[in-house]
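Architecture and fold: a report
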Amino acid sequence: MNPNRRLFLQSTLGVTAAASLFNTQKARANTTKLPYPISCNQYSWFTFFRRAGKAWGDDLDYSLGEFAKSGIKALEPSFEKANEVEQMAPLLKKYAIQVPSFYVNSTLHDASVAQASVDTVLSIAKAAKGIGAKIVVTNPSPTSWNNGRNKNDTELVEQARNLDRLGAELRKMGLTLAYHTHDMEMKAGAREFHHMMLNTEPANVTFCMDVHWIYRGSGNSELAVFDVLKLYGHRITELHLRQSEEGVWLETFQLTGDIDYRRFSAELVKRKITPHLVIEQCLEKDSPDRLTALEAHHRDLAVVQETFSALID
């Protein structure tokens with residue numbers, strides 16, 4: 001995940017075109033139909049900083065200052081404790097960064113620790129509500145990141161029960177829970193993913209569709225992406241947006257690649273789905289290495305605005 005930086009070569013024409021597109025789309029955003037400003041997940045910046053030999057958050061003032069320069073007006077941070085919200089709050093105000101949503105881990109399949117995990121999420125949510133958060137995104141932890149053991153039926157029943165309970169408690173606070181997946185939930189016939197969606201109440205548990213993890217978790221299947229949209233589109237409150245080429249994450253979000261995002265955007269319009277859009281164009285081992293974090297995210301915003309312009313105009 002730490003390839004050596006190579007000399008960035010980009011034509012002046014390309015930079016000018018990207019800047020023009022960015023300014024045009026930024027102006028259009030004043031009439032957005034979207035519920036919140038286009039956002040970006042913190043993890044994306046973490047991967048770019050790591051590649052550059054830096055650590056996102058070590059100097060939070062610098063990190064958020066760089067984020068603000070990208071033109072993206074909203075951040076989806078990841079929180080582990082409530083005091084992290086308090087530490088970030090004055091800097092969010094300083095740089096006029098909104099936080100419509102945040103990401104938090106949870107362990108819900110193990111009855112011995114589930115209540116403590118629920119309590120932690122609720123304490124973070126209470127603090128985050130104070131900085132404007134409306135959506136709580138969680139991806140219940142897998143049984144093991146290393147050996148990839150699938151959760152058994154008993155664990156899935158326990159997890160669904162606790163996920164629904166967490167969502168109900170967040171509703172009482174005026175917040176929305178959005179269930180998120182990676183590739184592990186798609187194993188064994190996607191039984192974990194489907195069980196969560198079919199055994200929780202839509203009013204308590206909505207869907208954060210991470211489009212590329214659905215793609216990758218289904219064996220790099222664009223077909224699966226559109227099938228999931230067809231099955232569960234009515235529960236989508238948020239999208240995580242990433243593009244790849246031949247299965248490898250690109251450096252910037254693009255219309256062309258493994259996933260037809262023009263078609264995806266058209267399906268959202270057709271189905272009258274207006275989700276919170278969150279850029280999460282991260283880096284992995286074989287990703288291209290041409291742009292700085294600021295350059296890449298500036299372009300991400302321009303292309304996302306263009307791609308989903310029907311939800312903005």
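On to the overall build of the protein, then. Helix and strand counts for the protein come out as 11 helices and 10 strands. For the protein, with 313 residues in total, the buried portion stands at 52%. Within the protein, contacts between residues at least 6 apart in sequence are counted, and of these 80% link residues at least 24 apart. Summed over all atoms, the accessible surface of the protein reaches about 13900 Å², with 51% contributed by carbon and sulfur.

Where helix α7 (residues 187-198) meets helix α9 (residues 222-232), the closest approach of the two axes is 12 Å, and the angle between their N-to-C directions is 20 degrees. Comparing the axis directions of α7 and α9 gives the class roughly parallel. Along this stretch, α7 crosses α9, giving a crossing that reads as right-handed. Facing α7, whose interface residues are Phe193, His194, Met197 and Leu198, α9 presents Val228, Leu231 and Tyr232. Across the contact of α7 with α9, the residue classes tally to six nonpolar, one polar and no charged.

Reading across the sheet, the eight strands line up as β2-β1-β10-β7-β6-β5-β4-β3 and stay open at both edges, with parallel pairing between neighbours. Among the strands making up the open sheet, the edge pair consists of β2 (74-76) and β3 (101-106). Averaged over all adjacent pairs, the angle separating strand axes in this sheet is 30 degrees, with direction ignored. Note that strand β7 (residues 236-241) and strand β10 (residues 276-279) share four bridges and pair parallel. In the sheet register, Leu241 faces β10, and the bridge partner there is Ile279. Set on the sheet, helix α6 (residues 153-172) makes contact with β4 (135-140), β5 (176-179) and β6 (205-210); between it and β5 the angle comes to about 150 degrees.

What follows is about the pattern of salt bridges. Taken as a whole and judged by the stated rule, the model has 13 salt bridges. Glu66 is the partner of Lys69 in a salt bridge, and the nearest nitrogen-oxygen pair spans 2.8 Å. Taken as a pair, Lys69 and Glu66 lie in helix α3 (residues 60-69) at a separation of three residues, close to a single helical turn. What makes Lys69 exposed here is its relative accessible area of 55%. Residue Glu66 is classed as buried on the basis of its relative accessible area of 14%. When the shortest N-O distance is used, the salt bridge between Glu280 and Arg242 registers 3.1 Å.

A separate point is α6. Look at α6: 29 Å from first C-alpha to last across 20 residues, which is about the 28 Å you get at 1.5 Å a residue. For α6, the set of buried residues is Glu155, Leu156, Glu158, Gln159, Ala160, Asn162, Leu163, Asp164, Leu166, Gly167 and Leu170. The residue sitting at the N-terminus of α6 and contributing the capping side-chain oxygen is Asn152; that oxygen lies 3.1 Å from the backbone nitrogen of Thr154.

Considering only enclosed or pocket space, the largest pocket measures out at about 670 Å³ in volume. As for the largest pocket, its lining consists of 24 residues, of which Gln42, Tyr43, Phe46, Ser78 and Glu80 are closest to the centre. Partitioning the lining of the largest pocket into residue classes produces 10 nonpolar, nine polar and five charged.

Another aspect to go through is the state of the cysteines. Under the definition given, this model contains zero disulfides. Considering cysteine sulfurs only, Cys282 is the nearest to Cys40, which forms no disulfide, with 7.9 Å between them.

What follows is about the confidence of the model for the protein. With 88% of its residues at a pLDDT of 70 or more, the protein shows a mean pLDDT of 90. Note that residues 1-31 has pLDDT below 50 and, in this model, 49 contacts with residues that lie over four places away or in other chains.

Turning our eyes to something else, we now look at the packing of aromatic side chains. Inspection of every chain in the model, using the stated rule, returns 14 aromatic pairs. For the ring pair Phe49 and Trp56, a centre distance of 5.4 Å and an interplane angle of 70 degrees mean the geometry is edge-to-face. Each member of the pair, Phe49 as well as Trp56, carries the same accessibility label: buried. Seen in terms of ring centroids, Trp213 and Trp249 are 5.8 Å apart; in terms of plane orientation they differ by 85 degrees. Their pairing is edge-to-face. With Trp213 in helix α8 (residues 211-217) and Trp249 in strand β9 (residues 248-249), the pair connects residues that are 36 residues apart, well separated along the chain. Here the two residues Trp213 and Trp249 agree in accessibility, since each one is buried. Put simply, the rings of Trp45, Phe49, Trp56, Tyr62 and Phe67 touch in pairs and so form one group of aromatic residues. The residue whose ring lies beneath Arg216 is Trp213, and the NZ or CZ to ring-centre distance is 5.7 Å. Positioned above the aromatic ring of Trp249, the side-chain terminus of Arg242 is 4.1 Å from the ring centre.

Conventions used here
- Residues numbered from 1 in each chain as written.
- Predicted model: local features only at pLDDT ≥ 70, side-chain atom pairs only at ≥ 80, totals over all residues.
- Heavy atoms only, no water.
- Helix = DSSP H or I, 4+ residues; strand = E, 2+ residues; numbered from the N terminus.
- Buried < 20%, exposed > 50% of the residue type's maximum accessible area, 1.4 Å probe, protein only.
- Contact = heavy atoms within 4.5 Å.
- Areas by Shrake-Rupley, 256 points an atom, 1.4 Å probe, with all protein chains shown as cover.
- Axes fitted to C-alpha atoms, helices over the stretch in contact; angles between N-to-C directions.
- Parallel < 35°, antiparallel > 145°, perpendicular 65-115°, else oblique.
- Left-handed = near helix turned anticlockwise from the far one by under 90°.
- Nonpolar A, V, L, I, M, F, W, Y, C, P; charged D, E, K, R; others polar.
- Pairing = 2+ DSSP bridges.
- Salt bridge = Lys/Arg side-chain N within 4 Å of Asp/Glu carboxyl O.
- Expected span 1.5 Å × (residues − 1).
- Polar contact = N/O pair within 3.5 Å; in protein donor to acceptor, adjacent residues only side chain to side chain.
- 1 Å grid on protein atoms, 1.4 Å probe; cavity = no way out; pocket = protein on both sides within 12 Å on 5 of 7 lines; lining within 4 Å.
- Points joined across faces, edges and corners; volume = space filled by probe spheres on them.
- Disulfide = S-S within 2.5 Å.
- pLDDT = per-residue confidence, 0-100.
- Phe/Tyr/Trp six-rings, centres within 6.5 Å; stacked < 30°, edge-to-face > 60°.
- Lys NZ or Arg CZ within 6 Å of the ring centre and 35° of its normal.

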